[in-house]
Amino acid sequence: MGRIFAVELEGRSYRCKFCRTHLAHPDELVSRSFHCRRGNAYLFNNVVNITVGALEERQMLSGMHTVADVFCCCCGQIVGWKYETAREKDQKYKEGKVVLERGRVVDGIDISPEVFIDTRPSTSDGEN
């Protein structure tokens, strides 16, 4: 397996809940009113640091769609799905967009910074 190069987004971002990898910038958020089997979900125009699974036909609440699961590229956890095609005319706006499940992502604001304080006595390179 090759080396993984993750994109780091500037400022606030939505991140993988499991490994904190950056997934989407708030400016790409289209809707917060999506729902999935596990709860609420967000629709984005563009996301980064994902891999896309195999296409499959799924019956969603809004009709039949061709979708693919999306996974965090760093930890491999499923984080949502991507709409490839929609059969219903009023659902075409979803094509090419990605849904991230709220229970599988964290908002950059939700993440408390992890502070590491080294309590060991410090030594310089010259000291033995």
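Presented here is a report on the structure given in the accompanying data block.

Conventions adopted
- All residue numbers here refer to positions counted from 1 along the written sequence of the relevant chain.
- Totals for whole chains, interfaces and linings use all residues, but because this is a predicted model, local features are given only for residues with pLDDT of at least 70 and pairs of side-chain atoms are given and counted only at 80 or more.
- Only hydrogens and water are removed before side-chain values are computed, so all heavy atoms of the structure are retained for them.
- Each helix is a run of H or I in the DSSP string that is no shorter than four residues. Each strand is a run of E no shorter than two, and both are numbered from the N terminus.
- Burial here depends on accessible area, computed with a 1.4 Å probe over protein chains only, as a share of the maximum for the residue type. Under 20% is buried, over 50% is exposed, and the range in between is partly exposed.
- Under the convention used here, a 1.4 Å probe and the Shrake-Rupley method define accessible areas, while residue burial counts only the protein chains that appear.
- Any pair of Phe, Tyr and Trp rings, taking the six-membered ring for Trp, is counted once the centres come within 6.5 Å. Such a pair is stacked with planes under 30 degrees apart, edge-to-face with planes over 60 apart, and tilted for the rest.
- Put simply, a charge is over a ring when the Lys NZ or the Arg CZ is close to the ring centre, within 6 Å, and near the line of the ring normal, within 35 degrees.
- Salt-bridge detection follows one rule: a side-chain nitrogen of Lys or Arg within 4 Å of a carboxyl oxygen of Asp or Glu.
- By nonpolar core we mean a set of buried residues, namely Ala, Val, Leu, Ile, Met, Phe, Trp, Tyr and Cys, connected to one another through side-chain atoms within 4.5 Å.
- Any two residues whose heavy atoms approach within 4.5 Å are treated as being in contact.
- Strands are treated as partners if at least two bridges between them are detected by DSSP.

**Quick look at the overall build of the chain**
Phase 1 of the analysis: The helix and strand tally for the chain stands at zero helices and nine strands.
Phase 2 of the analysis: N-terminal to C-terminal, the α/β element order of the chain is β-β-β-β-β-β-β-β-β.
Phase 3 of the analysis: Within the chain, buried positions represent 37% of all 128 residues.
Phase 4 of the analysis: When the accessible surface of the chain is summed, it comes to about 8500 Å², and 48% of that surface belongs to carbon and sulfur atoms.

**Focus on the packing of aromatic side chains**
Phase 1 of the analysis: As enumerated under the stated definition, the model contains four aromatic pairs in all.
Phase 2 of the analysis: Between the aromatic rings of Tyr42 and Phe44, the centroid separation amounts to 6.5 Å while the plane-to-plane angle is 70°, which identifies the pairing as edge-to-face.
Phase 3 of the analysis: Residues Trp81 and Tyr83 carry aromatic rings whose centres are separated by 6.2 Å and whose planes lie at 75° to one another, so their mutual orientation is edge-to-face.
Phase 4 of the analysis: An aromatic cluster of three or more residues is present, and its members are Tyr14, Tyr42 and Phe44.
Phase 5 of the analysis: Looking at Arg32, its charged tip hangs above the ring of Tyr42, at a distance of 5.7 Å from the centre.

**A short note on the pattern of salt bridges**
Phase 1 of the analysis: Counted under the stated rule, the structure contains eight salt bridges.
Phase 2 of the analysis: The residue Glu84 makes a salt bridge to Lys82 at a minimum N-O spacing of 3.8 Å.
Phase 3 of the analysis: The exposure class assigned to Lys82 is partly exposed, which follows from its relative accessible area of 22%.
Phase 4 of the analysis: The network of salt bridges with shared partners includes Arg38, Glu101 and Arg104.

**Some points on the nonpolar core**
Phase 1 of the analysis: By size, the foremost hydrophobic cluster in this structure holds 13 residues, and its most contacted members are Leu23, Ala24, Phe44, Val47, Val79 and Leu100.
Phase 2 of the analysis: Of all the secondary structure elements, the ones that give two or more residues to this core are β1 (14–16), β2 (22–24), β4 (39–44), β6 (63–72) and β8 (98–101).
Phase 3 of the analysis: Beyond its immediate chain neighbours, meaning those up to four positions away, Ala24 contacts Leu9, Ser13, Tyr14, Phe44, Asn46, Val47 and Leu100.
Phase 4 of the analysis: Leu43, Met60, Val67 and Tyr83 belong to the second-largest nonpolar core, a separate cluster that totals nine residues.

**Description of the pairing of β6**
Looking down a regular strand, the side chains alternate between one sheet face and the other.
Phase 1 of the analysis: Within β6, eight of the 10 residues are buried, which leaves it mostly tucked inside the rest of the structure.
Phase 2 of the analysis: Summarising the sheet, strand β5 (residues 50–60) and β6 pair through nine bridges and their orientation is antiparallel. Bridge pairing links Glu56 to Val67 in β6.
Phase 3 of the analysis: Counted along the chain from β5 to the antiparallel partner β6, the turn is two residues long.
Phase 4 of the analysis: Of the pairings in the sheet, the one linking β6 to strand β7 (residues 78–86) comprises seven bridges and is antiparallel in character. Bridging across to β7, Asp69 finds its partner in Trp81.
Phase 5 of the analysis: The antiparallel hairpin formed by β6 and β7 contains five residues in its connecting segment, where Gly76 sits at a positive phi of about 80°.

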